[in-house]
Amino acid sequence: MAREIIRGSTKPLAGELTPPGDKSVSHRSLIIGSIASGMTGVSGFLNCEDTLSTANAMRKLGIGIEINGSDVKIAGKGLSGLSEPEDVIDAGNSGTTTRLLTGLLSAQGFFTAVTGDKYLRARPMKRVVDPMRLMGAKITGREGGNKLPLAIEGGGLQGISYKLPVASAQVKSALLLAGLYSEGETEVIEPEPTRDHTERMLTYFGVKLHKKGNSIKISRQKEFAGRDISVPADLSSAAFFIVGALINPGSELLIRNVGINPLRTGVIDVLRKMGGNIEITNERDVSGEPVGDMLVKSSELHGAVIEREMIPKAIDELPVIAAAACFAEGETIIRDARELRVKETDRIKAMTAELLKLGARVTEFEDGMSISGGEPLKGARCSSWGDHRIAMAAAIAATRASGETEIDGAECVSVSFPGFFDVLRRLGNY
Ligand code: S3P
């Protein structure tokens, strides 16, 4: 198990950074590129463990994918070009791979089995299995189909209208991918808006979707052609450095080419609400996604309440927002975030435990936590809980703690951000 050491101090975080490519968009480029007809070239691709799980899955389904650093070439075979894999698909740690593929595979007239690592095998799959069964797929798995491994016999799907019981972009995407193949119309109704990268990318490839209020409709498609995609940098990865710069006095950081999809920018809204100085410039559209540059300056933060519809827009950034709250005047309250308990680990439990070790004042709620800021933090021995975002959030809190912090199990950062600790050292010398 790899251990990383952060030497906390009041050193600023300064310079420039282009974070690695957006994980959600990178997964989708592989999946949608595979079922498009002809070549799709991807630049700015996030080459990390999670997206390689999707690439390997698509290869097992018969698609030629060449990856060269952050450049990818996908030889799409069209909607009916996938073939039955010889072996089980291993999605590793990746929930996005599993849930999006469960949608796609439910629509294929062949058998597939999907499994993952011990963390993924503990995560709920019923949320995606239920609607796929309603559409006509035969799916079995542990706990009645709630846990991996899953066995999927797909094909012959019927479109349905489905109201998601929990706001989930992964489940919405599974339904839309299945809807590409289903008889009639497939409608997804969201309780709260979630990231719309699937909708944007399908539209970019020429697929017609109908969006009205919280409903999205898709119909069975004929073929659509491959297209080049440029992936923006991942705001979820940028978020660690945004918080690092805000909490360390004297910091000034320019973060380039970051995806600013309005359904992802909850972290910016929250940090600004907490008093964070974050300026977005050079806004543009890249392959159907909004992108901008960010200038972040250290700021005096104060507490905020984060709840309701703000939660899905900041879901992956809540751990690092909790880290920021330790350095904010007053209390920060996170509510309605029960979903954090079924991420790569139970992120409410994990963040509470790690911030307490560093000396923060934190109270755990069933659906969130409260943090009383202003208590000086002290280096400690922290654990990643095998979760990339817990490792990185703890490391960012540690940059402003006195003394040394060890992060055990730090290798898991390569799930989404290989080289995270090198970048942190380059910009902050911690
Ligand atoms: C993702 C959706 C979110 C998010 C995950 C990536 C996606 O999960 O937490 O990191 O790419 O669609 P849920 O759909 O479970 O909310």
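None of the values given here were measured: they were computed from a predicted structure. (Residues numbered from 1 in each chain as written. Predicted model: local features only at pLDDT ≥ 70, side-chain atom pairs only at ≥ 80, totals over all residues. Heavy atoms only, no water.)

1. Some points on the pairing of strand β23 (residues 403-408)
Stage number 1. Bridging between strand β1 (residues 3-8) and β23 involves six bridges; their strand directions are antiparallel. If you follow isoleucine 6 over to β23, its bridge partner there is threonine 405.
Stage number 2. Here three bridges tie strand β22 (residues 381-383) to β23, and the two strands are oriented parallel to one another. Pairing of serine 383 across the sheet is with aspartate 408, part of β23. (Pairing = 2+ DSSP bridges. Helix = DSSP H or I, 4+ residues; strand = E, 2+ residues; numbered from the N terminus.)

2. Some points on the side chain of serine 237
Stage number 1. As for its position among the elements, serine 237 is in helix α8 (residues 235-247).
Stage number 2. Non-local contacts of serine 237, meaning those with residues more than four positions away in its chain, are made with Pro19, Pro20, Ser416 and Phe417. (Contact = heavy atoms within 4.5 Å.)

3. What to know about the site of the ligand
Stage number 1. Residues in contact with the ligand, as listed here, are Ser24, Arg28, Thr96, Arg99, Ser168, Ala169, Gln170, Arg195, Ile315, Asp316 and Lys343.
Stage number 2. Between the ligand and serine 24, the relevant distance is 2.7 Å, taken from an oxygen atom to a side-chain nitrogen or oxygen of the residue.
Stage number 3. Contact distances for the ligand include 2.6 Å between an oxygen atom and a side-chain N or O atom of arginine 28.
Stage number 4. Protein burial of the ligand: of its 380 Å² of free accessible surface, 94% is covered by the chains.
Stage number 5. Going through the elements one at a time, α1 (23-35), α3 (95-106) and α6 (169-179) are the ones with two or more residues in the shell around the ligand.
Stage number 6. Here the shell around the ligand is composed, by residue class, of two nonpolar, four polar and five charged.
Stage number 7. Two domains share the shell around the ligand, each providing at least three of its residues, namely domain 1 (3-21 + 232-428) and domain 2 (23-230). (Near = heavy atom within 4 Å. Polar contact = N/O pair within 3.5 Å; in protein donor to acceptor, adjacent residues only side chain to side chain. Areas by Shrake-Rupley, 256 points an atom, 1.4 Å probe, with all protein chains shown as cover. Nonpolar A, V, L, I, M, F, W, Y, C, P; charged D, E, K, R; others polar. Domains from an automatic or database assignment.)

4. Description of the packing of α3 against α6
When two helices pack together, you describe them by how their axes are tilted relative to each other and by the distance separating the axes.
Stage number 1. Close contact between α3 and α6 brings their axes to 7 Å; oriented N to C, the two are set at 30°. Regarding the angle of α3 to α6, the classification is roughly parallel. Both α3 and α6 take part in a crossing whose hand is right-handed. Here α3 contributes Gly95, Thr96, Arg99, Leu100, Gly103 and Leu104 to the contact with α6, which in turn contributes Gln170, Val171, Ser173, Ala174, Leu177 and Ala178.
Stage number 2. Among the residues making up the contact of α3 with α6, the classes are represented as six nonpolar, five polar and one charged. (Axes fitted to C-alpha atoms, helices over the stretch in contact; angles between N-to-C directions. Parallel < 35°, antiparallel > 145°, perpendicular 65-115°, else oblique. Left-handed = near helix turned anticlockwise from the far one by under 90°.)

5. Some details on the packing of α8 against helix α12 (residues 388-399)
Stage number 1. Across the interface, α8 lies against α12 with an axial gap of 9 Å and an inter-helix angle of 15°. By the angle between their axes, α8 is roughly parallel relative to α12. Helix-helix and strand crossings are classified by hand; for α8 and α12 the assignment is right-handed. Contacts from Ser236, Phe240, Val243, Gly244 and Ile247 of α8 reach α12 at Arg389, Met392, Ala393, Ile396 and Thr399.
Stage number 2. Among the residues forming the contact of α8 with α12, the class breakdown is six nonpolar, three polar and one charged.

6. Digging into the domain arrangement of the protein chain
Stage number 1. Examined at the domain level, the protein chain breaks down into domain 1 (3-21 + 232-428) and domain 2 (23-230).
Stage number 2. Here domain 1 and domain 2 have C-alpha centroids that lie 28 Å from each other.
Stage number 3. Between domain 1 and domain 2, the residue contacts involve 30 residues of the former and 28 residues of the latter.
Stage number 4. The junction of domain 1 with domain 2 conceals about 2,500 Å² of combined surface from both sides, 50% of it contributed by carbon and sulfur atoms.
Stage number 5. Counting across the domain 1 and domain 2 interface gives three salt bridges.
Stage number 6. Where domain 1 packs against domain 2, one counts 13 residue pairs in polar contact (both at pLDDT 80 or more).
Stage number 7. When contributions to the side of domain 1 that touches domain 2 are tallied by element, the ones reaching two or more residues are β17 (289-297) and α12.
Stage number 8. Taken together, the residues that form the side of domain 1 that touches domain 2 break down as twelve nonpolar, eight polar and ten charged. (Buried area = accessible area lost by both parts, 1.4 Å probe. Salt bridge = Lys/Arg side-chain N within 4 Å of Asp/Glu carboxyl O.)

7. A short note on the nonpolar core
Stage number 1. By size, the foremost hydrophobic cluster in this structure holds 77 residues, and its most contacted members are Phe241, Ile242, Ile255, Met294, Leu318, Leu355 and Phe420.
Stage number 2. When residues of this core are assigned to their parent elements, the largest contribution, ten residues, is made by α8.
Stage number 3. Core analysis: the next-biggest nonpolar cluster, separate from the first, contains 62 residues, Ala137, Leu176, Val207 and Phe224 among them. (Core = buried A, V, L, I, M, F, W, Y, C linked by side-chain atoms within 4.5 Å. Buried < 20%, exposed > 50% of the residue type's maximum accessible area, 1.4 Å probe, protein only.)

8. A few points about the pairing of strand β12 (residues 209-212)
Stage number 1. Strand direction decides the pairing type here: β12 and strand β13 (residues 215-219), joined by four bridges, are antiparallel. The residue bridging histidine 210 from the neighbouring strand is lysine 217, located in β13.
Stage number 2. Count of turn residues in the β12/β13 antiparallel hairpin: two residues, of which glycine 213 carries a positive phi of about 60°.

9. Structural notes on α8
Stage number 1. Taking 1.5 Å per residue as the helical rise, α8 with its 13 residues ought to reach 18 Å, and the 18 Å between its terminal C-alpha atoms agrees with that figure.
Stage number 2. Burial of α8 is extensive: 13 of the 13 residues sit out of reach of the surface.
Stage number 3. Where α8 begins, the capping side chain belongs to aspartate 234, and its oxygen is found 2.8 Å from the backbone nitrogen of serine 236. (Expected span 1.5 Å × (residues − 1).)

10. Remarks on the environment of serine 161
Stage number 1. Following the sequence through the fold, serine 161 ends up in strand β10 (residues 161-163).
Stage number 2. Serine 161 sits 27 residues away from valine 188 along the chain, and the two C-alpha atoms are 6.0 Å apart.
Stage number 3. Setting aside its immediate chain neighbours within four residues, serine 161 contacts Glu187 and Ile189.
Stage number 4. Within the local environment of serine 161, its side chain forms a polar contact with the side chain of glutamate 187, the two groups lying 2.8 Å apart.

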